Amino acid sequence: MRHTDDGTWRTSSTPDGPATVHVRAVAGEVRVRAFGPGAVWAGTRVPGWLGAHDHPDGFDPAGHPLLREVHRRSPWLRLGRTGRTWDALLPAVLEQKVTGIEAHRTYRELLRLTGEPAPGPAPAGMRVVPPPERVLAVTDWQWHRCGLDGARRRALRAVASVASRLEPCDAVPDSPSLQTRLRSIPGIGVWTAAEVVQRTLGDPDTVSYGDYHLKNLVGWSLAGRRTDDDGMMELLEPWRGHRQRVVRLLEIGGSMPPKRGPRTAPTDYRRI
């Protein structure tokens, strides 16, 4: 995704092929242009991307003063859904157990290696997520040059082998079903499955259990203390059904505990 002066550009894989979508707001309206073989598929999904299908009915932030205030100041918050599992799954695997800097670097290298140039008049350098078969064709030495370690490499190959069975359809109708199917794949656990359904389906309730930072964001914001993952889930229980919505609000207006000690240094697997 790339933000420019004339709007936002986003690429996507689709069942019909790669697509580029340009979205801009003009006089209170959202105007969409789409390019490439998957233009129709991607263009018609833009309302979902922007959260048009999100229903916050039943969410009551009144149980905590911070949530109430952040919710009041963030009436624009909507949970979007992309409708595309593969586009969320590939980067989620790359983010497993590494720093964000390292994951983003590996993702850029993979896109340069295997991603198609974005269709249409997209900004220079934009790429589309490579299809699963192209990911499976990457050799071990190419993965090493991208900076990907063996565990994530095996997980990525495993999901690429069954990617066509993971897209939202009648066989995978909802978040629990998709999470169950994802977690049956070697190398895919609770955290990765949660990250995927949040983006693919706009799931308002599933929380990224096992995240390195999230438990402390929730604990410090809601209770003024550090906590573990189980403690995080206990604090979020009053908002069951909207726990991911609470997390998003805390990401906007919550706070983290004071940092003590050195920062985690990224590991460059290309040098190992």
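Residues numbered from 1 in each chain as written. Predicted model: local features only at pLDDT ≥ 70, side-chain atom pairs only at ≥ 80, totals over all residues. Heavy atoms only, no water.

Draft legend 1. Looking closely at the pairing of strand 3 (residues 19-26). Pairing analysis gives five bridges linking strand 2 (residues 7-12) to strand 3, with the strands arranged antiparallel. Residue pairing for strand 3: tryptophan 9 is matched across the bridge by histidine 22. Following strand 2, the chain reverses through six residues before pairing antiparallel with strand 3; glycine 17 in that reversal takes a positive phi of roughly 125°. Pairing of strand 3 with strand 4 (residues 29-35), which is carried by seven bridges, proceeds in the antiparallel orientation. Pairing of valine 23 across the sheet is with valine 32, part of strand 4. Taking the residues that link successive antiparallel strands as the turn, the strand 3-strand 4 hairpin has two residues, and the phi of alanine 27 there is positive, at about 50°. (Pairing = 2+ DSSP bridges. Helix = DSSP H or I, 4+ residues; strand = E, 2+ residues; numbered from the N terminus.)

Draft legend 2. Here's a closer look at helix 10 (residues 190-200). For helix 10, a buried count of nine out of eleven residues is recorded, marking the element as mostly surrounded by other parts of the structure. If you follow the buried residues of helix 10, they end up packed against helix 4 (85-94), helix 9 (175-183) and helix 13 (243-253). Two residues or fewer past helix 10, glycine 202 is found with a positive phi of approximately 65°. (Buried < 20%, exposed > 50% of the residue type's maximum accessible area, 1.4 Å probe, protein only. Contact = heavy atoms within 4.5 Å.)

Draft legend 3. Quick look at the packing of helix 11 (residues 214-223) against helix 13. Where helix 11 contacts helix 13, the axes come no closer than 10 Å and their chain directions differ by 75°. As judged from the angle between their axes, helix 11 and helix 13 are roughly perpendicular. Note on element contacts: helix 13 touches helix 11 through Val247, Leu250 and Glu251, opposite Leu214, Leu217, Val218, Ser221 and Leu222. For the contact of helix 11 with helix 13, the residue count by class is six nonpolar, one polar and one charged. (Axes fitted to C-alpha atoms, helices over the stretch in contact; angles between N-to-C directions. Parallel < 35°, antiparallel > 145°, perpendicular 65-115°, else oblique. Nonpolar A, V, L, I, M, F, W, Y, C, P; charged D, E, K, R; others polar.)

Draft legend 4. Fine view of the nonpolar core. Counting residues in each nonpolar core, the largest one holds 29 residues, and the members touching the most others are Trp86, Leu89, Leu90, Leu156, Val159 and Leu182. At the level of elements, helix 4, helix 8 (150-161), helix 9 and helix 10 are the ones that each hand at least two residues to this core. Contacts of leucine 90, omitting those with residues within four sequence positions, involve Tyr107, Leu110, Val129, Pro130, Val135 and Leu156. Counting 17 residues, the second largest nonpolar core, distinct from the first, contains Val70, Val218, Leu222 and Leu250. (Core = buried A, V, L, I, M, F, W, Y, C linked by side-chain atoms within 4.5 Å.)

Draft legend 5. Structural detail: the side chain of glutamine 198. Along the chain, glutamine 198 turns up in helix 10. Taking relative accessible area as the criterion, glutamine 198 reaches 4% and is therefore assigned buried. Of note is the side chain of glutamine 198, whose polar atom sits 3.4 Å from the side chain of glutamine 244. Residue contacts for glutamine 198: discarding those within four places in its chain leaves Gly80, Asp203, Thr206, Val207, Ser208, Gln244 and Arg248. (Polar contact = N/O pair within 3.5 Å; in protein donor to acceptor, adjacent residues only side chain to side chain.)

Draft legend 6. Local environment of the pairing of strand 2. The sheet contact formed by strand 1 (residues 2-4) and strand 2 spans three bridges and is antiparallel. Along strand 2, the bridge assignment pairs arginine 2 with tryptophan 9.

Draft legend 7. Geometry of the packing of helix 3 (residues 65-73) against helix 13. At their nearest, the axes of helix 3 and helix 13 sit 9 Å apart, and the two run at 80° to each other. Here helix 13 runs roughly perpendicular to helix 3, going by the angle between their axes. Of the residues in helix 13, those in contact with Leu66, Leu67, Val70 and His71 of helix 3 are Val246, Leu249, Leu250, Ile252 and Gly253. The residue makeup of the contact of helix 3 with helix 13, split by class, is seven nonpolar, two polar and no charged.

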